[in-house]
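Below are the chains, spelled out letter by letter.
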Amino acid sequence: QVQLVESGGGLVQPGGSLRLSCAASGSIFSLNAMGWYRQAPGKQRELVAAINSGGSTNYADSVKGRFTISRDNAKNTVYLQMNSLKPEDTAVYYCNIHWVLGKVYDYWGQGTQVTVSS
């Protein structure tokens, strides 16, 4: 079984910064992708940013230039540095890890609240 533990959410003023962390533990295939998704009230969950074990990244257009995703493969940990935060970034942020090894393995964290408000 795989577990994901997120940390770093909270309340921040517009223009501020937060750093989210997500540590994965358990039986993890080394060739995987980790990412952050978010879900605001009344909206569908959406991809924020993703990074694979080779370091290739993908960002939602709404966060390009403001958010940076990174990972430490030795620790199976992914980070999301969020700068220049806007009220529309307010959401529950979920960590995800997945890989394909005969079938799709897909795991989610419990979510961490990010609120951007003055």
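Residues numbered from 1 in each chain as written. Predicted model: local features only at pLDDT ≥ 70, side-chain atom pairs only at ≥ 80, totals over all residues. Heavy atoms only, no water.

1. Some thoughts on the pairing of strand 7 (residues 67–72)
Part 1: Every second residue of strand 7 is oriented toward a common face, the buried set being Phe-67, Ile-69 and Arg-71 and the non-buried set Thr-68, Ser-70 and Asp-72.
Part 2: Sheet topology note: the strand 7/strand 8 (residues 77–82) ladder contains 6 bridges and is antiparallel. Its bridge partner lying in strand 8, Phe-67 is registered against Met-82.
Part 3: In this structure, the hairpin formed by strand 7 and strand 8 is closed by a connection of 4 residues, where Asn-76 is found at a positive phi of approximately 50°. (Buried < 20%, exposed > 50% of the residue type's maximum accessible area, 1.4 Å probe, protein only. Helix = DSSP H or I, 4+ residues; strand = E, 2+ residues; numbered from the N terminus. Pairing = 2+ DSSP bridges.)

2. Brief notes about the packing of aromatic side chains
Aromatic ring pairs are defined here through the distance separating the ring centres and the angle between the ring planes.
Part 1: This model, assessed by the stated rule, comprises 3 aromatic pairs.
Part 2: Taking the centre distance of 5.7 Å and the plane angle of 35° together, the rings of Trp-99 and Tyr-107 count as tilted.
Part 3: Note on Trp-99: relative accessible area 4%, which makes it buried.
Part 4: Here Tyr-107 falls in the buried class, since its relative accessible area comes to 19%.
Part 5: Among the aromatic residues, those joined into a ring-pair cluster are Trp-99, Tyr-105 and Tyr-107.
Part 6: Sitting above the plane of the Tyr-79 ring, Arg-19 keeps its charged end 4.2 Å from the centroid. (Phe/Tyr/Trp six-rings, centres within 6.5 Å; stacked < 30°, edge-to-face > 60°. Lys NZ or Arg CZ within 6 Å of the ring centre and 35° of its normal.)

3. Concerning the nonpolar core
Soluble, globular proteins show a tendency: their nonpolar side chains are buried together.
Part 1: Counting 30 residues, the largest nonpolar core has Trp-36, Leu-80, Met-82, Tyr-93 and Ile-97 as the members making the most contacts within it.
Part 2: Residue assignment for this core shows that the elements contributing at least two residues are strand 1 (2–7), strand 3 (18–26), strand 4 (33–39), strand 5 (46–52), strand 7, strand 8, strand 9 (91–100) and strand 11 (112–116).
Part 3: For this core, the leading source of residues is strand 9, giving 5 residues.
Part 4: Apart from the residues within four sequence positions on either side, Tyr-93 is in contact with Glu-6, Leu-20, Trp-36, Tyr-37, Arg-38, Val-48, Phe-67, Leu-80, Met-82, Gly-111, Thr-112 and Val-114. (Core = buried A, V, L, I, M, F, W, Y, C linked by side-chain atoms within 4.5 Å. Contact = heavy atoms within 4.5 Å.)

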